Amino acid sequence: MKDEGVIRKALSGFYYVQCGEDLVTCRARGKFRYQKITPLVGDRVVITRQSDGTGSLTEILPRRNAFQRPAVANIDQMVIIASGAIPVSDPFLLDRIISLAEGKGCEPILCINKWDLVPATDLLELYQGAGIPTLAVSAKTGQGLEELRGMLAGKLSAFTGNSGVGKSSILNALDPAFALATGEISEKLGRGRHTTRHVEFFPVAGGLIADTPGFSSFDNEKGGGEPMDKDTLAETFREFRPYLGQCRFVGCAHVKEAGCAVLAAVEAGKISPSRHRSYVRLYEQAKASQPW
């Protein structure tokens, strides 16, 4: 019997597919391996049910988007956890994840955790000024969590952030049933231990959310991250968009060109210099990795 569902968890070659009220344990057909196609958590799939209650994954339906690492598909929102306390989040890494999400048609939401320890007002104002939905939250006190719950309803969301910022703590605060390992901050290294070993969607607030690996997976400095297109990169910075197409020269890179409307907006204080520096750094990385 054929059925349609969504992959909720992938682990050790097994795919756990939600079909209505049933969670069916499936193996993928060999054709996916031959075609070098990997089913991803979040994929809408067709399965064939077996008499023993298990299933065989036979078809992957068209994807809205897909990420290499974290290995997820059809994501509506990328919930990025940051922190002004140890470990302090690097704005460049935040900008890179936001840009990747924007480029995939995925809404970025920035949650600045540990607000009870360090109110990171500079980060809050920076990203709110850029038009990014940004919340001040605390897994410890519950600040901002009700607003976050409202934003999760009816959405397929992935949680990410550099290790130690409190992704698992926030998930536990949203729903204690998660019982996720939170790990401890390593004072010596100034960062947390990796506590997430696989990608899995959990139901919460009328939506599905995933806790995913940290920012190291997205890092493209050494050529291992998600590819970015230098020609469309500017469109992934939403505060740049009103100025695109207004530059003196067609094909302006918005890096150092004369008559650039984006640079003029930076000079006028309408675009943050920090965000533009991140753009330039990402542009140079994309330029170096793309063939001429």
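Anything mentioned here points back to the structure above.
Criteria and cut-off values
Residues numbered from 1 in each chain as written. Predicted model: local features only at pLDDT ≥ 70, side-chain atom pairs only at ≥ 80, totals over all residues. Heavy atoms only, no water. Helix = DSSP H or I, 4+ residues; strand = E, 2+ residues; numbered from the N terminus. Buried < 20%, exposed > 50% of the residue type's maximum accessible area, 1.4 Å probe, protein only. Contact = heavy atoms within 4.5 Å. Areas by Shrake-Rupley, 256 points an atom, 1.4 Å probe, with all protein chains shown as cover. Disulfide = S-S within 2.5 Å. Polar contact = N/O pair within 3.5 Å; in protein donor to acceptor, adjacent residues only side chain to side chain. 1 Å grid on protein atoms, 1.4 Å probe; cavity = no way out; pocket = protein on both sides within 12 Å on 5 of 7 lines; lining within 4 Å. Points joined across faces, edges and corners; volume = space filled by probe spheres on them. Nonpolar A, V, L, I, M, F, W, Y, C, P; charged D, E, K, R; others polar. Pairing = 2+ DSSP bridges. Right-handed = clockwise from strand over helix to strand, strands pointing away. Arc of directions from axis to C-beta. Core = buried A, V, L, I, M, F, W, Y, C linked by side-chain atoms within 4.5 Å. Salt bridge = Lys/Arg side-chain N within 4 Å of Asp/Glu carboxyl O.

Asker: Would you take a moment to explain the overall build of the chain for this structure?
Answerer: Summing up its helical and strand segments, the chain has seven helices and 15 strands in all. Expressed as a percentage of its 292 residues, the buried residues of the chain come to 51%. Contacts spanning at least 24 positions in sequence make up 65% of the contacts within the chain whose residues lie at least 6 apart. Accessible area of the chain: about 14300 Å², with a carbon and sulfur share of 51%.

Asker: Is there a simple way to think about the state of the cysteines in this case?
Answerer: Going through the model one piece at a time under the given rule, you end up with zero disulfides. Counting only cysteine sulfurs, cysteine 26 is the nearest neighbor of cysteine 19, a cysteine outside any disulfide, at a range of 6.6 Å. Judged by relative accessible area, which is 5%, cysteine 19 ranks as buried.

Asker: Would you explain the environment of tyrosine 127 in this entry?
Answerer: Mapping tyrosine 127 onto the fold places it in helix α3 (residues 121–129). There is a polar contact of 3.3 Å between the side chain of tyrosine 127 and the backbone oxygen of proline 91.

Asker: Teacher, can you tell me more about the layout of surface pockets here?
Answerer: Where empty space is left in the structure can be found by rolling a water-sized probe over the atoms. Empty space within the second largest pocket amounts to approximately 230 Å³. Taken together, 15 residues line the second largest pocket, and the ones lying closest to its centre are Asp231, Gly251, Cys252, Ala253 and His254. Broken down by class, the residue content of the lining of the second largest pocket amounts to nine nonpolar, three polar and three charged.

Asker: Sorry if this is basic, but what is going on with the pairing of strand β9 (residues 107–113) here?
Answerer: Each regular strand shows side chains that alternate between the opposite faces of the sheet. For β9, a buried count of six out of seven residues is recorded, marking the element as mostly surrounded by other parts of the structure. Alignment of strand β8 (residues 77–83) against β9, held across seven bridges, turns out to be parallel. Directly across from glutamine 77, in β9, lies its bridge partner glutamate 107. For the segment spanning β8, helix α2 (residues 91–103) and β9, crossover handedness is right-handed.

Asker: Help me understand the side chain of arginine 238 in this model?
Answerer: Here arginine 238 is to be found in the loop between β15 (207–211) and α6 (261–267). Of the residues examined, arginine 238 reaches a relative accessible area of 18% and is grouped as buried. A polar side-chain atom of arginine 238 sits 2.6 Å from a polar atom in the side chain of glutamate 102. In contact with arginine 238, other than residues within four places in its own chain, are Glu102, Glu107, Pro108, Ala130, Gly131, Ile132, Pro133 and Arg275.

Asker: Honestly, α3 in this entry has me stumped. Any pointers?
Answerer: Think of an α-helix as 3.6 residues a turn; residues three or four steps apart then line up on the same face. Within the sequence span of α3, burial applies to Leu123, Leu124, Leu126 and Tyr127. Angular distribution of buried residues about the axis of α3 spans 165°; they occupy a single face of the element. Facing away from the buried surface of α3 by more than 90 degrees, the exposed residues are Asp122, Glu125 and Gly129. In the segment just after α3, glycine 131 is the residue with positive phi, at about 85°.

Asker: Honestly, the environment of proline 91 in this entry has me stumped. Any pointers?
Answerer: Structurally, proline 91 is set in helix α2. With a relative accessible area of 26%, proline 91 lands in the partly exposed category. Sequence-wise, proline 91 and tyrosine 127 are 36 residues apart; in three dimensions their C-alpha atoms are separated by 9.7 Å. Leave out the neighbours within four places in its chain, and proline 91 touches Leu123, Tyr127, Ser274 and Ser278.

Asker: Any chance you could explain the nonpolar core here in plain terms?
Answerer: Side chains that are nonpolar tend, in soluble globular proteins, to be buried together. Counting 63 residues, the largest nonpolar core has Ile75, Met78, Leu110, Tyr127 and Tyr279 as the members making the most contacts within it. In terms of residues, this core owes the most to one element, α2, which gives six residues. Each residue touching tyrosine 279, except ones within four places of it in the same chain, is listed here: Leu233, Ala234, Phe237, Phe240, Ala253, His254 and Val255. Grouped together as the second largest cluster of nonpolar side chains are 16 residues, Ile109, Leu152, Phe159 and Val165 included.

Asker: Explanation requested: the pattern of salt bridges in the structure shown.
Answerer: A side chain with one charge may pair with a side chain of the opposite charge, provided their charged atoms come close. Under the criterion given, the structure shown has 11 salt bridges. One salt bridge in this structure joins arginine 238 and glutamate 102, with 2.6 Å as the shortest N-O distance. Of the two residues, arginine 238 is situated in the loop between β15 and α6 and glutamate 102 in helix α2; the sequence distance between them amounts to 136 residues. Considered together, arginine 238 and glutamate 102 belong to a single accessibility category, that of buried residues. Across the pair lysine 230 and aspartate 231 runs a salt bridge, and its minimum N-O distance is 3.1 Å. A residue is classified by how much of its surface remains accessible, and aspartate 231, at 57% relative accessible area, is exposed. Via salt bridges that share partners, Glu102, Glu107, Arg238 and Arg241 belong to a single interconnected network.

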